[in-house]
Each structure stands twice: as structure tokens, then as C-alpha cells.
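Residue-level structural notes
The lines below spell out each chain.
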Amino acid sequence: MKKTFFALLFLIFFNNTNAQKNSSFADSIRVKYHIPELAYAVVSADSVLEIQALGYQRINSKYKAKINDKFRLGSITKTVTSYLAAVLVKEGKIKWDTKFFDLYPELKAKSNPATYNFTLQDFTTFRAGINTWSYGNDTPTQDEIKGNNQQQRYEFIAWFLQQNPSTEKQPVYWSNPSYVATGLMLEKATGKTYESLVKELGEKLNIDFDFGQPNLKDKNQPWGHDEELKPEEPALNYKLNWLSSAGNIKVSLPDYCKFTQMQLLGLLGKSKVLTKEEFEYMHYGLPEFSFGWNSEINEKSNLKYSFHNGNPGTFLTKVYICEAINKAFIIFANVQSEEVDKGLLLLLEELQNKYGG
């Protein structure tokens, strides 16, 4: 009994010491790469092994990082959208082979004929041959897209599907409007807005999902920063709404840990919603990119990972899941630049090494 007690005591001490070392390394990355706030976590399917929030919510401010600070997920939003789609398919409310114009026939006549046969699966797996579009595009303008949030997304995709498709044959077409189309298809299938579907999922998982810039509703939340470390002032951005199902969710690190742990549970065959096979197909059933998840073999460990990165302009986010070791690594930063991304990758590699990944 004593041996067991001391072994447990040693394990707790070892884990705490290890976490402190990782925290020190993470903060050195934060300082070296000029990251105002850096938050990271390591989780298993049923435990949060390590979680930290370091630095400041805004550069040159006194507002210290808090563990429940919210970050814009950027494209990691697609991991949530793809899960919603998979659940609705499982429930029989829509099919993967449902065509977009089966649900929106009134838009077909004016759309480019090359888009006529694109399905929910095509859009959710980036196999629809359409061009890219993101926050930096100049057209369409705000004056061209009318209505409430849902109507604007409808008008935006109506405009986009009229454009010329991609002229180059590719295995994967990395296009945000694909996920705009996915979101619209889920709205039509359920009669609910995308925001409502996300909020309902959050209620089931005890996650406070929200949308837009974190500092818009509360100036004491993290501010995003561009590559010159200029803070992003609170403002409504109509393009964020247009791309809502592609990249507009904001959430705290502890809450995104819950979503990631749910994914790990599913991959381990412990979900009551989808089977292990369904989760595995969602994560790495197709080459390079499946349903919301990229996949790769780590060159150093030879372990398979599913992952996604977000880069919405003033934030950077990363989530890497390894089913084989029952671990996931999540990193959030409230600044975006190529140099900062290099720093986050160094932190990711350090955490993977420490936790056997």
C-alpha cells in the first residue's frame, strides 16, 4: 500500500514538474516570437494533462492572460462544421451525396454549370472544384450583399457559384466558400441557422461557442494582432459572417479541449453518437484532407495525426490529434505572422516529444 502511495505521489510530482518545464519553454517561445498571449493544452480522451495561458490579452497592456480567454478559431471552425454535418447525416436529415442544388434549386439557373453536381461531401472534403476566397478579397462588396446574417450568406454563395470554377485539376481545393455551402446545406436540412446549430452542440457538450472577434462584446478579452503587432480594434466585420461556418467561431481553450476530447473518445470507439469507423473516416478516410481534418504521418515519430490550423488574420490556432497515443495538442495565439507560426510549431514539437508523440 505504501509503495502504491509513493508511486502515485512521485507520478503527480513528475507530471507537475514536467508541466512547469513546458510552461517555461512555452513562455520563452512567447517572448522570443513576440506573442502577446499564448495558450496551450495537452489532453487525453478523459483528462486535461496540461493547460496554460501566458502573457497579455493585448500588447503593451496590463491585462494578463486568463485561462478562460476566448480566441478566434479561424479555419479550425471547420472541425466543428464537419462534425455537425456528420451527426446530421447519421440522423438522416441529409446525405453526403445530397447536391447543393437539390436544396437550393432556385439558384441553379444563374450558377455556373460546372457547379451543378457538387454534393455535401464534395464541399465538406474540399473536393468541389471552386476557387479560393477569403477575408482579403475585394468582391463582392458589402453593398452587393443584403439582408440579415443568414440571408447575406445565401446571397454570397449565390454570387460565388456564378463565378468561373477552378481551371486547374487538383486533389484538394482549399476554398472557404466550400464550407459556406456546407453551412447553408445544414441550415436548409434543419430549418435552423448555423449559429443555432453550433449553440445547440455547445449546450450538449457544455461548451460556450460564440462568433466574431473576442473583444467585440468584451474589451477585456484577447485582441488579435497582425504581423506588425498592431492590435485589431473591436469592429463588426461582414466578411466574418459570410464565412461563419468556415472560420468565425470563437471559444476558450478549456472549451475547445472538451470538443477535442470528444473527438478522441470517438476515435477510440467510446462515442455514443458516431462509431469508431465513422470518426476515423471523418479524420483520415480520404488522402490529405477528409471531413474537416487534415492528416499526416509525423516524420520523427512515425505516428498518424489528424490536425487543423487556423489563420484568420490576427490569430493563429492549431489542433493535432494522435489516436495511437490518446493525446491531443492545442495551441492558441492572438497574433498572426509567419515567424509566430514557426514558434508555435517549435512548441508543438516540444510537447509531442514530452508526451510520446
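Read on for a plain summary of the structure.

Definitions and limits used
Residue indices begin from 1 for each chain and proceed along its sequence in written order. Under the rules for a predicted model, residues below a pLDDT of 70 receive no local features and side-chain atom pairs below 80 are neither given nor counted, while totals for whole chains, interfaces and linings still include all residues. Values shown for side chains rest on all heavy atoms present in the structure; no hydrogens or waters enter the calculation. Only strands that DSSP links by at least two bridges are regarded as paired with each other. Starting at the N terminus, helices and strands are each numbered in turn, a helix being any DSSP run of H or I of at least four residues and a strand any DSSP run of E of at least two. Between the N-to-C directions of two axes lies an angle of 0 to 180 degrees, each axis being a line fitted to C-alpha atoms and, for a helix, fitted only over the stretch in contact. Any pair of residues with heavy atoms lying within 4.5 Å of one another is described as a contacting pair. Oblique is the label for any angle not covered by the other classes, which are roughly parallel (under 35 degrees), roughly antiparallel (over 145) and roughly perpendicular (65 to 115). Each crossing gets its handedness from the near helix: less than a right angle anticlockwise from the far helix is left-handed, clockwise is right-handed. Residues were grouped as follows: Ala, Val, Leu, Ile, Met, Phe, Trp, Tyr, Cys and Pro as nonpolar; Asp, Glu, Lys and Arg as charged; and all remaining residues, including Gly, as polar. For the purposes of this analysis, a disulfide is any pair of cysteine sulfur atoms at a distance within 2.5 Å. For every residue, the accessible area obtained with a 1.4 Å probe (protein chains only) is divided by the maximum for its type, and the residue is called buried under 20%, exposed over 50%, and partly exposed between those limits. Stacked, tilted and edge-to-face pairs are distinguished by plane angle, under 30 degrees for stacked and over 60 for edge-to-face with tilted covering the rest, among Phe, Tyr and Trp rings (Trp via its six-membered ring) whose centres lie within 6.5 Å. Definition used for salt bridges: Asp or Glu carboxyl oxygen within 4 Å of a side-chain nitrogen of Lys or Arg. Remark: nonpolar core denotes a set of buried residues (Ala, Val, Leu, Ile, Met, Phe, Trp, Tyr, Cys) joined through side-chain atoms within 4.5 Å.

1. A few points about the sheet that holds strand 6 (residues 294-297)
- The six strands are arranged 2-1-9-8-7-6 in an open sheet whose pairing can be described as antiparallel. Each having just a single partner strand, strand 2 (48-55) and strand 6 make up the two edges of the open sheet. Neighbour to neighbour, the strand axes of the sheet diverge by 15° on average, direction disregarded.
- Two strands pair when backbone bridges link them, and strand 6 and strand 7 (residues 304-310) are joined in this way by four bridges, in the antiparallel orientation. Within strand 7, the residue paired with Ser295 across the bridge is Ser306.
- Contacts from helix 11 (residues 253-267) reach strand 1 (37-43), strand 2, strand 8 (316-322) and strand 9 (327-333) within the one sheet, and its direction differs from that of strand 9 by about 155°.
- Across the sheet, helix 13 (residues 338-354) touches strand 1, strand 7, strand 8 and strand 9, and the angle it forms with strand 8 is around 25°.

2. Some details on the pairing of strand 2
- In the sheet, strand 1 pairs with strand 2 via seven bridges, with the strands oriented antiparallel. Directly across from Tyr40, in strand 2, lies its bridge partner Gln52.
- Here strand 1 folds back onto strand 2 in antiparallel fashion, the turn holding four residues.

3. Thoughts on the packing of helix 5 (residues 149-160) against helix 6 (residues 176-190)
- It is the contact of helix 5 with helix 6, at a shortest axis distance of 10 Å, that shows an interaxial angle of 130°. Taken together, the axes of helix 5 and helix 6 lie oblique to each other. For helix 5 against helix 6, the interelement crossing comes out left-handed. On helix 6, the residues touching Gln150, Arg153, Tyr154, Phe156, Ile157 and Phe160 of helix 5 are Pro177, Val180, Ala181, Leu184 and Glu187.
- For the contact of helix 5 with helix 6, the per-class residue count stands at eight nonpolar, one polar and two charged.

4. Here we look at the state of the cysteines
- On inspection of all chains with the given rule, the structure shows zero disulfides.
- Here Cys257 is not cross-linked by a disulfide; its sulfur's nearest cysteine counterpart is in Cys322, at 17 Å.
- The buried category is assigned to Cys322, whose relative accessible area is 0%.

5. Section: the packing of aromatic side chains
- Scanning the model with the defined rule gives 29 aromatic pairs in all.
- Where Phe100 meets Phe101, the ring centres are 5.3 Å apart and the plane angle is 90°; that geometry is what we call edge-to-face.
- Using a relative accessible area of 4% as the deciding quantity, one classes Phe101 as buried.
- A network of ring pairs unites the aromatic residues Phe71, Tyr83, Tyr256, Phe259, Phe279, Phe315 and Phe332 as a single cluster.

6. What to know about the pattern of salt bridges
- Following the criterion strictly, the structure yields 17 salt bridges and no others.
- Close ionic contact of Glu195 with Arg153 constitutes a salt bridge, the shortest N to O distance being 2.8 Å. Highlighted residues: Glu195 in helix 7 (residues 194-205) and Arg153 in helix 5, separated in sequence by 42 residues. Grouping residues by exposure puts Glu195 and Arg153 together as buried.
- Glu349 is the salt-bridge partner of Lys300, the closest N and O atoms lying 2.1 Å from each other. Separated by 49 residues along the polypeptide, Lys300 in the loop between strand 6 and strand 7 and Glu349 in helix 13 bring together distant segments of the chain.
- Owing to a relative accessible area of 68%, Lys300 belongs among the exposed residues under this scheme.
- Bridged by salt links that share partners, the residues Arg153, Glu187 and Glu195 form one connected network.

7. Focus on the pairing of strand 1
- With seven of seven residues buried, strand 1 lies mostly within the body of the structure.
- Side chains Glu37, Ala39, Ala41 and Val43 of strand 1 all project onto a buried face; the interleaved residues Leu38, Tyr40 and Val42 project onto the opposite face, where all are buried too.
- Bridge count for strand 1 against strand 9 is six bridges, and the pairing is antiparallel. For Val42, the partnering residue across the bridge sits in strand 9 and is Phe329.

8. Some thoughts on the nonpolar core
- If you look at the biggest cluster of nonpolar residues, it comprises 76 residues, and the most contacted ones within it are Tyr83, Phe100, Phe209, Tyr256 and Phe259.
- Ranked by the residues each element gives to this core, the list is headed by helix 2 (residues 77-90), at eight residues.
- Listed in part, the 25 residues of the second largest apolar core include Ile29, Val42, Phe307 and Ala333.

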